[in-house]
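# Working through the structure, step by step
In case you want the letters, here they are:
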Amino acid sequence: MTSPKPITPVDEFLQRLVHEHGRLSRQLKLIGTYIEQHRDHVGLERIQDIADHCGVQPSAVVRFAKHFGFSGFSEMQALFRAGIATQIAPSRSYQNRIREAVARSDHPLDSASIAQEFVGGAVAGLEELRQQLPNLPIDRAVDLLAHAPSLWVAGARRAFPVATYLAYALQHTDKPVQLVDFAGAMHVGQVRGLRRGDVMVAISFAPYAEETMDVVRQAAQAGATVIAITDSRVGALAQLADVALVVQESAVFGFRALSSTMALAQCLFIALAYRLELEYKPSGAAAR
(Lines give C-alpha, C1' and ligand atoms only; values in the text may rest on other atoms or scores of the structure.)
Protein backbone atom coordinates (compact mmCIF):
# COMPACT_ATOMS: atom_id res chain seq x y z
CA MET A 1 0.00 0.00 0.00
CA THR A 2 1.36 3.41 -1.02
CA SER A 3 1.95 5.78 1.88
CA PRO A 4 0.74 9.39 1.71
CA LYS A 5 3.38 11.93 0.79
CA PRO A 6 4.89 13.85 3.74
CA ILE A 7 3.15 17.12 4.53
CA THR A 8 5.28 20.04 3.32
CA PRO A 9 5.17 23.71 4.41
CA VAL A 10 3.36 24.46 1.15
CA ASP A 11 0.77 21.77 1.96
CA GLU A 12 0.27 23.26 5.42
CA PHE A 13 -0.23 26.71 3.93
CA LEU A 14 -2.74 25.38 1.37
CA GLN A 15 -4.65 23.51 4.08
CA ARG A 16 -4.96 26.77 6.03
CA LEU A 17 -6.02 28.54 2.83
CA VAL A 18 -8.81 26.01 2.24
CA HIS A 19 -9.93 26.33 5.87
CA GLU A 20 -10.08 30.15 5.77
CA HIS A 21 -11.19 30.62 2.17
CA GLY A 22 -14.86 31.17 2.98
CA ARG A 23 -14.02 34.09 5.28
CA LEU A 24 -11.85 35.98 2.79
CA SER A 25 -12.93 39.06 0.87
CA ARG A 26 -13.93 38.64 -2.78
CA GLN A 27 -10.53 39.74 -4.10
CA LEU A 28 -8.59 37.59 -1.66
CA LYS A 29 -10.79 34.61 -2.58
CA LEU A 30 -9.85 35.09 -6.24
CA ILE A 31 -6.17 35.12 -5.33
CA GLY A 32 -6.52 32.13 -3.02
CA THR A 33 -8.30 30.10 -5.67
CA TYR A 34 -5.60 30.90 -8.24
CA ILE A 35 -2.81 29.96 -5.83
CA GLU A 36 -4.52 26.71 -4.83
CA GLN A 37 -4.99 25.73 -8.48
CA HIS A 38 -1.57 26.94 -9.70
CA ARG A 39 0.64 26.28 -6.70
CA ASP A 40 3.46 25.16 -8.98
CA HIS A 41 3.53 28.55 -10.73
CA VAL A 42 3.59 30.82 -7.69
CA GLY A 43 7.29 30.35 -7.03
CA LEU A 44 8.12 31.51 -10.56
CA GLU A 45 5.58 34.18 -11.45
CA ARG A 46 5.88 37.91 -10.81
CA ILE A 47 3.39 39.61 -8.54
CA GLN A 48 1.99 41.41 -11.60
CA ASP A 49 1.44 38.06 -13.36
CA ILE A 50 -0.60 36.71 -10.45
CA ALA A 51 -2.56 39.96 -10.18
CA ASP A 52 -3.36 39.88 -13.91
CA HIS A 53 -4.55 36.26 -13.72
CA CYS A 54 -6.86 37.15 -10.83
CA GLY A 55 -8.09 40.46 -12.24
CA VAL A 56 -6.86 42.42 -9.21
CA GLN A 57 -4.17 44.98 -8.42
CA PRO A 58 -0.73 43.84 -7.12
CA SER A 59 -1.56 45.52 -3.81
CA ALA A 60 -4.32 42.92 -3.32
CA VAL A 61 -1.75 40.13 -3.68
CA VAL A 62 0.34 41.84 -0.99
CA ARG A 63 -2.74 42.05 1.27
CA PHE A 64 -3.35 38.36 0.67
CA ALA A 65 0.20 37.50 1.73
CA LYS A 66 -0.02 39.67 4.84
CA HIS A 67 -3.37 38.12 5.78
CA PHE A 68 -1.57 34.79 6.09
CA GLY A 69 1.24 36.20 8.19
CA PHE A 70 3.88 36.94 5.57
CA SER A 71 5.69 40.26 5.46
CA GLY A 72 4.74 40.59 1.81
CA PHE A 73 4.57 38.80 -1.53
CA SER A 74 8.29 37.98 -1.65
CA GLU A 75 8.21 36.05 1.63
CA MET A 76 5.13 34.10 0.53
CA GLN A 77 6.72 33.33 -2.83
CA ALA A 78 9.86 32.10 -1.08
CA LEU A 79 7.75 29.40 0.59
CA PHE A 80 6.72 28.09 -2.83
CA ARG A 81 10.21 28.49 -4.31
CA ALA A 82 11.67 26.37 -1.52
CA GLY A 83 9.43 23.50 -2.56
CA ILE A 84 9.70 23.90 -6.31
CA ALA A 85 11.63 20.65 -6.74
CA THR A 86 8.70 18.68 -5.34
CA GLN A 87 5.83 20.98 -6.25
CA ILE A 88 6.46 21.25 -9.99
CA ALA A 89 4.94 18.17 -11.55
CA PRO A 90 6.13 16.61 -14.82
CA SER A 91 3.10 17.96 -16.66
CA ARG A 92 4.00 21.51 -15.74
CA SER A 93 7.58 21.31 -16.94
CA TYR A 94 6.25 19.58 -20.05
CA GLN A 95 3.92 22.49 -20.68
CA ASN A 96 6.86 24.86 -20.46
CA ARG A 97 8.72 22.76 -23.02
CA ILE A 98 5.69 22.90 -25.34
CA ARG A 99 5.54 26.68 -25.08
CA GLU A 100 9.26 26.90 -25.79
CA ALA A 101 8.95 24.56 -28.77
CA VAL A 102 6.15 26.65 -30.26
CA ALA A 103 8.10 29.86 -29.67
CA ARG A 104 11.23 28.42 -31.34
CA SER A 105 9.40 26.91 -34.30
CA ASP A 106 9.77 28.88 -37.53
CA HIS A 107 7.29 26.68 -39.38
CA PRO A 108 3.91 25.08 -38.60
CA LEU A 109 3.97 21.72 -36.81
CA ASP A 110 2.65 18.74 -38.71
CA SER A 111 -0.25 16.68 -37.37
CA ALA A 112 1.97 13.91 -36.00
CA SER A 113 4.04 16.42 -34.02
CA ILE A 114 0.93 18.01 -32.58
CA ALA A 115 -0.37 14.57 -31.59
CA GLN A 116 2.95 13.74 -29.91
CA GLU A 117 2.83 16.94 -27.88
CA PHE A 118 -0.77 16.35 -26.84
CA VAL A 119 -0.24 12.70 -25.88
CA GLY A 120 2.97 13.61 -24.05
CA GLY A 121 1.10 16.22 -22.04
CA ALA A 122 -1.58 13.67 -21.16
CA VAL A 123 1.05 11.16 -20.03
CA ALA A 124 2.68 13.79 -17.83
CA GLY A 125 -0.71 14.70 -16.36
CA LEU A 126 -1.34 11.06 -15.52
CA GLU A 127 2.00 10.91 -13.74
CA GLU A 128 0.97 13.92 -11.67
CA LEU A 129 -2.30 12.17 -10.79
CA ARG A 130 -0.42 9.03 -9.81
CA GLN A 131 1.67 11.04 -7.37
CA GLN A 132 -1.41 12.70 -5.86
CA LEU A 133 -3.57 9.58 -5.49
CA PRO A 134 -2.34 8.61 -1.99
CA ASN A 135 -3.55 11.96 -0.66
CA LEU A 136 -6.99 11.94 -2.28
CA PRO A 137 -10.00 10.87 -0.15
CA ILE A 138 -10.84 7.97 -2.48
CA ASP A 139 -11.49 5.57 0.40
CA ARG A 140 -14.09 7.96 1.81
CA ALA A 141 -15.74 8.34 -1.60
CA VAL A 142 -15.82 4.58 -2.16
CA ASP A 143 -17.32 4.01 1.29
CA LEU A 144 -20.13 6.45 0.51
CA LEU A 145 -20.81 4.84 -2.86
CA ALA A 146 -20.75 1.34 -1.42
CA HIS A 147 -23.45 2.07 1.15
CA ALA A 148 -25.70 4.36 -0.89
CA PRO A 149 -29.13 3.01 -1.94
CA SER A 150 -28.91 4.79 -5.33
CA LEU A 151 -26.13 6.49 -7.30
CA TRP A 152 -26.43 9.58 -9.48
CA VAL A 153 -23.84 10.99 -11.89
CA ALA A 154 -23.85 14.53 -13.29
CA GLY A 155 -21.41 16.32 -15.56
CA ALA A 156 -22.20 18.80 -18.32
CA ARG A 157 -20.18 20.23 -21.21
CA ARG A 158 -16.51 19.23 -21.05
CA ALA A 159 -17.18 16.85 -18.16
CA PHE A 160 -20.03 15.05 -19.93
CA PRO A 161 -17.88 12.27 -21.48
CA VAL A 162 -16.46 11.42 -18.05
CA ALA A 163 -19.91 11.41 -16.45
CA THR A 164 -21.27 9.17 -19.19
CA TYR A 165 -18.42 6.69 -18.80
CA LEU A 166 -18.72 6.61 -15.01
CA ALA A 167 -22.47 6.00 -15.17
CA TYR A 168 -21.86 3.17 -17.64
CA ALA A 169 -19.19 1.62 -15.42
CA LEU A 170 -21.29 1.89 -12.27
CA GLN A 171 -24.05 -0.07 -13.98
CA HIS A 172 -21.78 -3.10 -13.65
CA THR A 173 -22.52 -3.03 -9.92
CA ASP A 174 -25.85 -3.98 -8.36
CA LYS A 175 -26.54 -0.33 -7.52
CA PRO A 176 -29.34 1.63 -9.20
CA VAL A 177 -27.56 4.27 -11.30
CA GLN A 178 -29.00 7.42 -12.87
CA LEU A 179 -27.13 9.63 -15.33
CA VAL A 180 -28.23 13.27 -15.35
CA ASP A 181 -27.72 13.96 -19.05
CA PHE A 182 -29.20 17.50 -19.15
CA ALA A 183 -31.13 16.65 -22.34
CA GLY A 184 -33.62 19.35 -23.26
CA ALA A 185 -32.53 21.40 -20.22
CA MET A 186 -34.70 19.08 -18.12
CA HIS A 187 -32.04 18.32 -15.52
CA VAL A 188 -34.05 19.75 -12.63
CA GLY A 189 -36.82 17.29 -13.35
CA GLN A 190 -34.36 14.44 -13.88
CA VAL A 191 -33.24 14.54 -10.26
CA ARG A 192 -36.70 14.72 -8.67
CA GLY A 193 -36.39 11.06 -7.73
CA LEU A 194 -33.24 11.70 -5.72
CA ARG A 195 -33.68 10.86 -2.04
CA ARG A 196 -31.90 11.40 1.27
CA GLY A 197 -29.00 8.97 1.55
CA ASP A 198 -28.41 8.75 -2.20
CA VAL A 199 -24.98 9.73 -3.52
CA MET A 200 -24.35 12.03 -6.47
CA VAL A 201 -20.98 12.14 -8.24
CA ALA A 202 -20.71 15.57 -9.87
CA ILE A 203 -17.93 16.44 -12.31
CA SER A 204 -17.11 20.02 -13.26
CA PHE A 205 -14.19 22.42 -13.58
CA ALA A 206 -13.78 26.18 -13.41
CA PRO A 207 -15.74 28.18 -14.42
CA TYR A 208 -18.16 25.32 -13.50
CA ALA A 209 -21.17 24.44 -15.63
CA GLU A 210 -24.23 26.12 -14.15
CA GLU A 211 -26.36 23.09 -15.07
CA THR A 212 -24.17 20.87 -12.91
CA MET A 213 -24.19 23.35 -10.06
CA ASP A 214 -28.01 23.46 -10.21
CA VAL A 215 -28.42 19.70 -9.73
CA VAL A 216 -25.74 19.64 -7.03
CA ARG A 217 -27.62 22.27 -5.06
CA GLN A 218 -30.81 20.28 -5.56
CA ALA A 219 -29.07 17.12 -4.37
CA ALA A 220 -27.79 18.87 -1.25
CA GLN A 221 -31.27 20.23 -0.49
CA ALA A 222 -32.70 16.71 -0.79
CA GLY A 223 -30.23 15.42 1.79
CA ALA A 224 -28.09 13.45 -0.67
CA THR A 225 -24.32 13.19 -0.37
CA VAL A 226 -22.23 14.84 -3.08
CA ILE A 227 -18.85 13.57 -4.30
CA ALA A 228 -17.10 16.13 -6.52
CA ILE A 229 -14.50 15.41 -9.16
CA THR A 230 -13.13 18.88 -9.74
CA ASP A 231 -10.06 21.06 -10.07
CA SER A 232 -9.90 22.95 -6.77
CA ARG A 233 -10.58 22.39 -3.09
CA VAL A 234 -11.74 25.99 -2.77
CA GLY A 235 -13.76 26.08 -6.00
CA ALA A 236 -17.53 26.45 -6.15
CA LEU A 237 -18.23 22.74 -6.64
CA ALA A 238 -15.90 21.55 -3.87
CA GLN A 239 -17.54 23.97 -1.46
CA LEU A 240 -20.90 22.24 -1.98
CA ALA A 241 -19.51 18.70 -1.88
CA ASP A 242 -19.09 16.32 1.05
CA VAL A 243 -15.98 14.80 -0.58
CA ALA A 244 -13.81 16.48 -3.23
CA LEU A 245 -11.46 14.53 -5.49
CA VAL A 246 -9.18 17.15 -7.02
CA VAL A 247 -7.48 16.50 -10.35
CA GLN A 248 -5.45 18.91 -12.48
CA GLU A 249 -5.44 18.34 -16.22
CA SER A 250 -2.53 19.18 -18.49
CA ALA A 251 -3.11 21.89 -21.08
CA VAL A 252 -1.54 21.56 -24.51
CA PHE A 253 -1.88 24.34 -27.09
CA GLY A 254 -4.57 25.85 -24.90
CA PHE A 255 -6.71 22.70 -24.76
CA ARG A 256 -7.18 20.84 -21.50
CA ALA A 257 -7.10 17.07 -21.75
CA LEU A 258 -9.55 14.70 -20.06
CA SER A 259 -7.06 11.87 -19.60
CA SER A 260 -6.43 12.35 -15.89
CA THR A 261 -10.09 12.96 -15.06
CA MET A 262 -11.14 9.84 -16.94
CA ALA A 263 -8.43 7.83 -15.19
CA LEU A 264 -9.63 9.09 -11.80
CA ALA A 265 -13.20 8.09 -12.66
CA GLN A 266 -11.96 4.63 -13.61
CA CYS A 267 -10.00 4.37 -10.36
CA LEU A 268 -13.13 5.28 -8.41
CA PHE A 269 -15.20 2.59 -10.14
CA ILE A 270 -12.55 -0.13 -9.85
CA ALA A 271 -12.02 0.64 -6.16
CA LEU A 272 -15.79 0.47 -5.59
CA ALA A 273 -16.13 -2.81 -7.48
CA TYR A 274 -13.30 -4.27 -5.42
CA ARG A 275 -14.93 -3.09 -2.16
CA LEU A 276 -18.30 -4.56 -3.12
CA GLU A 277 -16.68 -7.88 -4.05
CA LEU A 278 -14.92 -8.05 -0.68
CA GLU A 279 -18.20 -7.36 1.12
CA TYR A 280 -20.11 -9.96 -0.92
CA LYS A 281 -20.45 -13.24 0.98
CA PRO A 282 -21.94 -16.22 -0.91
CA SER A 283 -24.60 -18.08 1.07
CA GLY A 284 -22.41 -21.16 1.33
CA ALA A 285 -19.36 -19.32 2.56
CA ALA A 286 -20.40 -19.39 6.23
CA ALA A 287 -20.93 -23.15 6.15
CA ARG A 288 -17.41 -23.74 4.97
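## Quick look at the overall build of the chain
The helix and strand inventory of the chain stands at 15 helices and seven strands. Counting all 288 residues of the chain, 44% fall into the buried class. Across the chain, the fraction of contacts at a sequence separation of at least 24, relative to all contacts at a separation of at least 6, is 71%. Entry remark: accessible area of the chain is about 14900 Å², with carbon and sulfur atoms responsible for 55%.

## What to know about the pairing of strand 1 (residues 151–154)
In summary, the side chains of a regular strand alternate between the two faces of the sheet. Of the two faces of strand 1, the one holding Leu151 and Val153 and the one holding Trp152 and Ala154 are both buried throughout. One ladder, built from four bridges, connects strand 1 with strand 2 (residues 177–180); its direction is parallel. Paired with tryptophan 152 across the strands is glutamine 178, a residue of strand 2. With helix 11 (residues 160–170) bridging strand 1 and its parallel neighbour strand 2, the resulting β-α-β unit is right-handed. Bridge analysis of strand 1 against strand 3 (residues 199–203) gives four bridges, and the strand direction is parallel. For alanine 154, the partnering residue across the bridge sits in strand 3 and is alanine 202.

## Some remarks on the pattern of salt bridges
Under the definition given, this model contains nine salt bridges. One salt bridge connects arginine 157 with glutamate 211, and the closest N-O pair in it is separated by 2.9 Å. Taken as a pair, arginine 157 in the loop between strand 1 and helix 11 and glutamate 211 in helix 13 (residues 210–221) lie far apart in primary sequence, 54 residues in all. Taking the relative accessible area as the measure of exposure, arginine 157 reaches 59% and is therefore exposed.

## Observations regarding the packing of helix 10 (residues 138–146) against helix 15 (residues 259–279)
Two quantities define a packed helix pair, namely the angle between the axes and the distance from one axis to the other. For the pair helix 10 and helix 15, interaxial distance at closest approach is 9 Å and the crossing angle is 55 degrees. Taken as axis vectors, helix 10 and helix 15 run oblique relative to one another. Like other packed secondary-structure pairs, helix 10 and helix 15 cross with a definite hand, here right-handed. The segment helix 10 lies against helix 15, with Ile138, Asp139, Ala141, Val142, Asp143, Leu145 and Ala146 engaging Leu264, Leu268, Ala271, Leu272, Arg275 and Leu276. Of the residues in the contact of helix 10 with helix 15, the class split is ten nonpolar, no polar and three charged.

## Observations concerning unusual backbone geometry
For the bond running from alanine 206 to proline 207, omega is 10 degrees, close enough to zero to count as cis. Relative to the elements of secondary structure, proline 207 occurs in the loop between strand 3 and helix 13. Despite not being glycine, arginine 157 shows a phi value in the positive range, around 60 degrees. Although it is not a glycine, tyrosine 208 sits at a positive phi angle of roughly 70 degrees.

## Some details on the confidence of the model for the chain
Considering every residue of the chain, the mean pLDDT works out to 83; 84% of them sit at 70 or more. Across residues 85–91, where pLDDT falls below 50, the model places 16 contacts with residues more than four positions away in sequence or in other chains. Low pLDDT, under 50, characterises residues 283–288; the predicted model gives this stretch zero contacts beyond four residues in sequence or across chains.

## Regarding the packing of aromatic side chains
By the definition in use, this model includes six aromatic pairs. Aromatic pair phenylalanine 13 and phenylalanine 64: ring centres 6.5 Å apart, planes at 85 degrees, arrangement edge-to-face. Of this pair, phenylalanine 13 sits in helix 1 (residues 9–20) while phenylalanine 64 sits in helix 5 (residues 58–67), and the two are 51 residues apart along the sequence. Under the relative-accessibility criterion, phenylalanine 13 is labelled buried at 6%. On the accessibility criterion, phenylalanine 64 (0% relative accessible area) is buried. Cluster of aromatic residues (ring-pair linked, three or more members): Phe13, Phe64, Phe68, Phe70 and Phe80.

## Thoughts on the sheet that holds strand 4 (residues 225–230)
Strand order in the open sheet formed by five strands is 2-1-3-4-5, with parallel pairing between adjacent strands. The sheet is open, and its two borders are formed by strand 2 and strand 5 (243–246), each paired with just one other strand. Direction aside, neighbouring strands of the sheet carry axes that sit 15 degrees apart on average. Direction of pairing for strand 3 relative to strand 4: parallel, over a ladder of five bridges.

## Quick word on helix 5
Ala60, Val61, Phe64 and Ala65 are the residues of helix 5 that are buried. Buried residues of helix 5, seen end-on, are gathered within an arc of 145 degrees and therefore sit on one face of the element. Two residues or fewer after helix 5 comes glycine 69, characterised by a positive phi angle close to 90 degrees.

Definitions and limits used
- Residues numbered from 1 in each chain as written.
- Predicted model: local features only at pLDDT ≥ 70, side-chain atom pairs only at ≥ 80, totals over all residues.
- Heavy atoms only, no water.
- Helix = DSSP H or I, 4+ residues; strand = E, 2+ residues; numbered from the N terminus.
- Buried < 20%, exposed > 50% of the residue type's maximum accessible area, 1.4 Å probe, protein only.
- Contact = heavy atoms within 4.5 Å.
- Areas by Shrake-Rupley, 256 points an atom, 1.4 Å probe, with all protein chains shown as cover.
- Pairing = 2+ DSSP bridges.
- Right-handed = clockwise from strand over helix to strand, strands pointing away.
- Salt bridge = Lys/Arg side-chain N within 4 Å of Asp/Glu carboxyl O.
- Axes fitted to C-alpha atoms, helices over the stretch in contact; angles between N-to-C directions.
- Parallel < 35°, antiparallel > 145°, perpendicular 65-115°, else oblique.
- Left-handed = near helix turned anticlockwise from the far one by under 90°.
- Nonpolar A, V, L, I, M, F, W, Y, C, P; charged D, E, K, R; others polar.
- pLDDT = per-residue confidence, 0-100.
- Phe/Tyr/Trp six-rings, centres within 6.5 Å; stacked < 30°, edge-to-face > 60°.
- Arc of directions from axis to C-beta.

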